[in-house]
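Architecture and fold: a report
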Amino acid sequence: MTHYASLETVSLTGSWLTIGVFDGVHRGHQEIIRQLTAGAHQSGAPAVLLTFTPHPAKVLAGREIPCLTTPEERAELLFSLGVDDVITMQFTRDLAARSAEDFMAELKTRLGLRKLLIGYDFALGKGRAGNFQRLSEIGKELDYDVQAVEAVRLSDDVISSTLIRQTIADGAVSLAAVKLGRYYSAQGPVIPGDGRGRTIGIHTANVETPAEKALPANGVYATWAFVDGEKHPAVTNVGLRPTFTGGQALPRVEAHLLDYSGDLYGKTLKLEFVERLRGEQKFPSVEALIAQIRLDIEQARGLLK
């Protein structure tokens, strides 16, 4: 399993390939990957996935797109699904301006491309001219086959990264899990906070997530926390902590690991969001906040049994 940072360093033969952003590696993506890996491995060929960073919409339209997966998270998920090689290319305007013919010719040379699997609405190259029909025509010239994979639907809606981002932004993490095929997660190092957790007897870990990472709506969540290879039930707050700050601070991710007493500073903490317990709210006193947190903890215990 190799994660390449550019196409220039790749030299493969007989590859089966799929191309796309694959942000979130959701159930629709997983169906493409399932067909890719099954066919490639049955043929004794490498299963290769080519993805991009940053999101093309950021480069072409200047839109900030919160990512469901960082490039590293994405590669880890793809490898777990059986992909042999992941190529993460930098998406640039120059790349977007390349013709489909030129780009596919380079892929043929560097990957020894034999088969290309694409999503039902996929297109690449200048003006998105490289759709299924055109890629199939190019394939006849360059000697590779093209296969389109149908969309995966949930209640008649096509599962997409765009809809999952909105689901997470709404705080509906349990629905997002259905669309993703796993719990939505965020991770980062535990950094020092202001120590208020100690003063109220409920220790919390401040998790520094990547700035580009999509976070659930402000509120309190039942989560699974992973640290040092171990899994712990936790209650996690995403938000501004209005009881203490008046809502003027930047959003924070703070996790209270149930029945955990070790030192977390400097460790990487991964959080899987299972269920939203409540929205963020301002309490009239610290005592009222503590009482609610204890209720949140008991509710999370029940959900995570």
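Before any of the text, the structure's been laid out above.
Residues numbered from 1 in each chain as written. Predicted model: local features only at pLDDT ≥ 70, side-chain atom pairs only at ≥ 80, totals over all residues. Heavy atoms only, no water.

Now for the environment of A217. Take A217: it is sitting in the loop between β10 (205-207) and β11 (219-227). Considering only alpha carbons, one finds A217 and Q166, 51 residues apart in sequence, at a separation of 9.8 Å. If we skip the residues at most four places from it in the chain, A217 touches I168, A169, D170, G171, V238 and R276. (Helix = DSSP H or I, 4+ residues; strand = E, 2+ residues; numbered from the N terminus. Contact = heavy atoms within 4.5 Å.)

Here we come to the sheet that holds β10. Taking strand neighbours around the barrel as the criterion, the six strands line up as β9-β10-β13-β12-β11-β14 in a closed arrangement whose pairing is antiparallel. Adjacent strand axes in the sheet meet at a mean angle of 45 degrees, parallel and antiparallel pairs treated alike. Of the strands in this sheet, β9 (184-191), β11 and β14 (268-279) touch helix α8 (residues 173-180), which is tilted by about 125 degrees from β14. On top of the sheet, helix α11 (residues 286-304) reaches β11, β12 (230-239), β13 (252-257) and β14; it is set at about 105 degrees to β14, its chief contact. (Pairing = 2+ DSSP bridges. Axes fitted to C-alpha atoms, helices over the stretch in contact; angles between N-to-C directions.)

A separate point is helix α1 (residues 27-42). Three or four residues apart is the spacing at which side chains of an α-helix point the same way, because the helix has 3.6 residues per turn. Compared with an ideal rise of 1.5 Å per residue, which puts 16 residues at 22 Å, α1 spans 22 Å between its outermost C-alpha atoms and is within 8% of the ideal. Within α1, the full set of buried residues consists of G28, H29, I32, I33, L36, T37, G39 and A40. Looking at the packing, one finds that the buried side of α1 touches β2 (16-19), β3 (47-53), α3 (71-80), β5 (115-119), β6 (145-149) and α7 (161-169). Looking one or two places after α1, you find G44, whose phi comes out positive at around 75 degrees. (Expected span 1.5 Å × (residues − 1). Buried < 20%, exposed > 50% of the residue type's maximum accessible area, 1.4 Å probe, protein only.)

Attention now moves to the layout of surface pockets. In this structure, the largest pocket encloses a volume near 1300 Å³. Lining the largest pocket are 45 residues, and of these G20, V21, D121, F122 and R128 lie nearest its centre. Every element with two or more residues in the lining of the largest pocket is listed here: β2, α1, α2 (56-61), α4 (93-97) and α7. Considering every element that reaches the lining of the largest pocket, the biggest residue donor is α7, with five residues. (1 Å grid on protein atoms, 1.4 Å probe; cavity = no way out; pocket = protein on both sides within 12 Å on 5 of 7 lines; lining within 4 Å. Points joined across faces, edges and corners; volume = space filled by probe spheres on them.)

Inspection of every chain in the model, using the stated rule, returns two aromatic pairs. With 5.4 Å between their ring centres and 90 degrees between their planes, Y221 and F273 make a pair best called edge-to-face. Remark: F273 occurs in strand β14 and Y221 occurs in strand β11; sequence separation between them is 52 residues. The pair formed by Y221 and F273 is uniform in burial state, with each residue classed as buried. The ring of W224 has K231 sitting right over it, with the charged end atom 4.3 Å from the ring centre. One residue, K270, lies across the ring of F226, its end atom 5.8 Å from the ring centre. (Phe/Tyr/Trp six-rings, centres within 6.5 Å; stacked < 30°, edge-to-face > 60°. Lys NZ or Arg CZ within 6 Å of the ring centre and 35° of its normal.)

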